[in-house]
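So the chains spell out like this:
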Amino acid sequence: MEAFGPVMLHLLLAEEEEERERKQRKHIRRAAVQRPKDKVLPVRKPPVHGRRRTPKPRVFRERTGLEVFTEEEIIQRYRLNKSAINELYELIKGDIDPLTQRSHAIPGMVKLLNCLHFFASGSFQTRTSSIGGVSQSAFSRFMGPVIDSIKKHLKAFIYFPKDKAGWQRVKRGFYRISGMPHVMGVLDCMHIALSPPHEREELYRNSKGFHSVSVQVICDSKGKILSIYSAFPGSSQESVILKQTSVYDAFKNGKLRGGWLVGGPGYTCHPWLLTPVKKPTTTAEHSYNEAHTRIRSVIERTFSLLKSQFKCLDKPGGVLQYNPTKVADIIVVCCILHNIGIQHNIVENFACETYNDVYELKASLAVEPELGDKPLAVRGRIITDYFSGHSS
């Protein structure tokens, strides 16, 4: 799924245009400043002939590769195992390998490992580059191209199931942890702290009092990310973000059908988006809310795991000192790496299965539900059909 909504793209383009105009004005001011006539220029000493200055030898740091670490050390350092890193490198090496054959050109694998360590550790560029055997200036130059090269493959790692069998696997996973059928994903937003643009500082201040971008994520029962939209200002409301995404349009227009998403109380209830009952009064409503909470705990643990895996996203480790566009790209890349970890069984499945009745499961998923147009009526029917027989 695409990472930016149309409103946020407009905002980011406006920021880039303002930055270009600011640089242009600064260049014009510099050109307008003339040197004072009475300023005494320093007298250059005549060159001393017959004596050559010995050039200072360049010092090349030792560059770290995978061969010096054990498999456990590789996972701890880069959050991926050796085979996953090699597969990722093969995918992007055409974009990051050096074009020159000079002996000290930085290999593409070294660039990738430095960036993976930066995402995992959340350290400053100076520290990350020194550990990886490159200069800070070199790291700053190649980090952008590495991020872009990984982000190019977003749709290969973050996507909704493409067939009925894939959707059935997603639905089975959620049913086994909650007893609620036809759940196609759980939806929520997380905040990633950043140093805000001065011109729009208040726009990025969230309800918790710090500056951030808000990231909308949909995941399955195993914590695999199915959809991501990043770079919305921290002050954006969850329901407002949702309406700017293609996911909203796809469910509303019937392109995505056959079930529903589960979202928290910050969202508006829709026929395809189930929210909790605010003031439950019956046993069935309490049982429904309990199942709803079990499903939402999956995405809460996914956010917690993302921030523990990739310290650059974790506020206690310090805010990201980049513009919102770069922060959004870093978030997307970390989510891609998270899914690669799941694909290679590095990230454990934390779903707690409590409903294992295969007969009941098949019966519940055999027929696709009719959603209708009234969201509260759909939710009420689900409560009546699937939770009336539960004890509180």
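This text goes with the structure placed above it.
The model shown is predicted, which means the values in this text are computed figures rather than measured ones. (Residues numbered from 1 in each chain as written. Predicted model: local features only at pLDDT ≥ 70, side-chain atom pairs only at ≥ 80, totals over all residues. Heavy atoms only, no water.)

Engineer: Would you take a moment to explain the overall build of the chain for this structure?
Structural biologist: Helices and strands together make up the secondary structure of the chain, namely 14 helices and five strands. Sorting the 392 residues of the chain into buried and exposed places 49% on the buried side. For the chain, the proportion of contacts with a sequence separation of at least 24, taken over those separated by at least 6, is 70%. About 21800 Å² of surface is accessible on the chain, with carbon and sulfur atoms providing 51% of the total. (Helix = DSSP H or I, 4+ residues; strand = E, 2+ residues; numbered from the N terminus. Buried < 20%, exposed > 50% of the residue type's maximum accessible area, 1.4 Å probe, protein only. Contact = heavy atoms within 4.5 Å. Areas by Shrake-Rupley, 256 points an atom, 1.4 Å probe, with all protein chains shown as cover.)

Engineer: Please explain the packing of helix H4 (residues 108-121) against helix H6 (residues 136-151) as it appears in this structure.
Structural biologist: When two helices pack together, their arrangement is given by the angle between the helix axes and by the axis-to-axis distance. Taken N-terminus to C-terminus, the directions of H4 and H6 make an angle of 85°; their axes are 9 Å apart at the nearest point. When the interaxial angle is binned, H4 and H6 end up roughly perpendicular. On H6, the residues touching Lys-111, Leu-112, Asn-114, Cys-115, Phe-118 and Phe-119 of H4 are Phe-139, Phe-142, Met-143, Val-146, Ile-147 and Ile-150. (Axes fitted to C-alpha atoms, helices over the stretch in contact; angles between N-to-C directions. Parallel < 35°, antiparallel > 145°, perpendicular 65-115°, else oblique.)

Engineer: Mind showing me how you'd approach the pairing of strand S1 (residues 183-193) here?
Structural biologist: The side chains of a regular strand alternate, first on one face of the sheet and then on the other. Within S1, eleven of the eleven residues are buried, which leaves it mostly tucked inside the rest of the structure. In terms of strand pairing, S1 meets strand S4 (residues 260-263) through four bridges, oriented parallel. For Leu-187, the partnering residue across the bridge sits in S4 and is Gly-263. The pairing of S1 with strand S2 (residues 212-219) spans eight bridges and is classified as antiparallel. (Pairing = 2+ DSSP bridges.)

Engineer: What is the right way to read the pattern of salt bridges from this model?
Structural biologist: Side-chain pairing between opposite charges can occur once the charged atoms of the two side chains come close. The final tally for this structure, using the stated rule, is five salt bridges. A salt bridge links Asp-95 to Lys-152, with the nearest nitrogen and oxygen atoms 3.1 Å apart. Of this pair, Asp-95 sits in helix H3 (residues 82-96) while Lys-152 sits in the loop between H6 and helix H7 (154-157), placing them 57 residues apart in sequence. Taking the relative accessible area as the measure of exposure, Asp-95 reaches 39% and is therefore partly exposed. Through salt bridges with shared partners, one network takes in Glu-201, Glu-202 and Arg-205. (Salt bridge = Lys/Arg side-chain N within 4 Å of Asp/Glu carboxyl O.)

Engineer: Can you help me understand the sheet that holds S1 in this one?
Structural biologist: Sheets are built from strands paired through backbone hydrogen bonds, the pairs being either parallel or antiparallel. With mixed pairing, the five strands of this open sheet are ordered in space as S3-S2-S1-S4-S5. Strands at the two margins of the open sheet, each flanked by one partner only, are strand S3 (225-233) and strand S5 (273-274). Bridge count for S2 against S3 is six bridges, and the pairing is antiparallel. Counted as the bridge partner of Val-213 is Pro-233 from S3. Across the sheet, helix H11 (residues 283-309) touches S1, S2, S3, S4 and S5, and the angle it forms with S1 is around 45°. Its contacts with the sheet place helix H12 (residues 324-343) against S1, S2 and S3, and it is angled at close to 165° to S3.

Engineer: Can you walk me through H3 in this structure?
Structural biologist: Two residues of an α-helix separated by three or four positions point the same way, owing to the 3.6 residues in each turn. Considering bend angle alone, the principal kink of H3 is centred on Glu-90 and spans about 45°. Considered for burial, the residues of H3 that qualify are Ala-84, Ile-85, Leu-88, Tyr-89, Ile-92 and Ile-96. Close packing links the buried residues of H3 with helix H2 (71-78), H4, H6 and H12. (Bend = angle between axes of the 7 residues up to and from the residue.)

Engineer: Which parts of the structure should I look at to understand the nonpolar core?
Structural biologist: Generally speaking, nonpolar side chains in soluble globular proteins are found buried as a group. One finds Ile-85, Leu-112, Phe-119, Met-180, Ile-228 and Ile-331 to be the most contacted residues of the largest nonpolar core, which totals 99 residues. A total of ten residues in this core trace back to one element, the largest contributor, which is H12. Phe-119 has contacts with Ile-147, Phe-310, Lys-311, Cys-312, Ile-330, Val-333, Cys-334 and Leu-337, leaving out every residue within four places of it along the chain. (Core = buried A, V, L, I, M, F, W, Y, C linked by side-chain atoms within 4.5 Å.)

Engineer: I tried to follow the environment of Val-217 on my own but got confused; where do I start?
Structural biologist: With respect to the helices and strands, the residue Val-217 is situated in strand S2. Its relative accessible area of 0% is what places Val-217 among the buried residues. Residues Val-217 and Ile-299, 82 residues apart in the sequence, show an inter-C-alpha distance of 8.3 Å. When near neighbours in sequence (up to four residues on either side) are disregarded, Val-217 contacts Val-186, Leu-187, Asp-188, Ile-225, Ser-227, Ile-228, Ile-299 and Phe-303.

Engineer: Would you mind showing me how to read the state of the cysteines here?
Structural biologist: Put plainly, a disulfide is one covalent bond tying together the sulfur atoms of two cysteines. Enumeration according to the criterion identifies zero disulfides in this entry. Counting only cysteine sulfurs, Cys-334 is the nearest neighbor of Cys-312, a cysteine outside any disulfide, at a range of 3.9 Å. On the basis of relative accessibility, which here comes to 4%, the residue Cys-312 falls in the buried class. (Disulfide = S-S within 2.5 Å.)

Engineer: How should I be thinking about the environment of Thr-325 in this particular structure?
Structural biologist: Take Thr-325: it is sitting in helix H12. For the pair Thr-325 and Ala-231, spaced 94 residues apart in the sequence, the C-alpha separation amounts to 6.7 Å.

Engineer: How do you make sense of the packing of aromatic side chains when you look at a structure like this?
Structural biologist: Across all of its chains, the model carries nine aromatic pairs by this definition. Taking 5.9 Å as the distance between ring centres and 65° as the angle between the ring planes, the aromatic pair formed by Phe-118 and Phe-139 counts as edge-to-face. Linking Phe-118 in helix H4 with Phe-139 in helix H6, this pair joins segments that are 21 residues apart in sequence. The class of Phe-118 is buried, set by a relative accessible area of 4%. Here a set of aromatic residues connected by ring pairs shows up, and it is made of Phe-118, Phe-119, Phe-139, Phe-142 and Tyr-322. Taking NZ or CZ as reference, Lys-162 lies 3.7 Å from the ring centre of Tyr-159, over its face. The ring of Phe-210 carries the charged tip of Lys-315 above its face, separated from the ring centre by 5.1 Å. (Phe/Tyr/Trp six-rings, centres within 6.5 Å; stacked < 30°, edge-to-face > 60°. Lys NZ or Arg CZ within 6 Å of the ring centre and 35° of its normal.)

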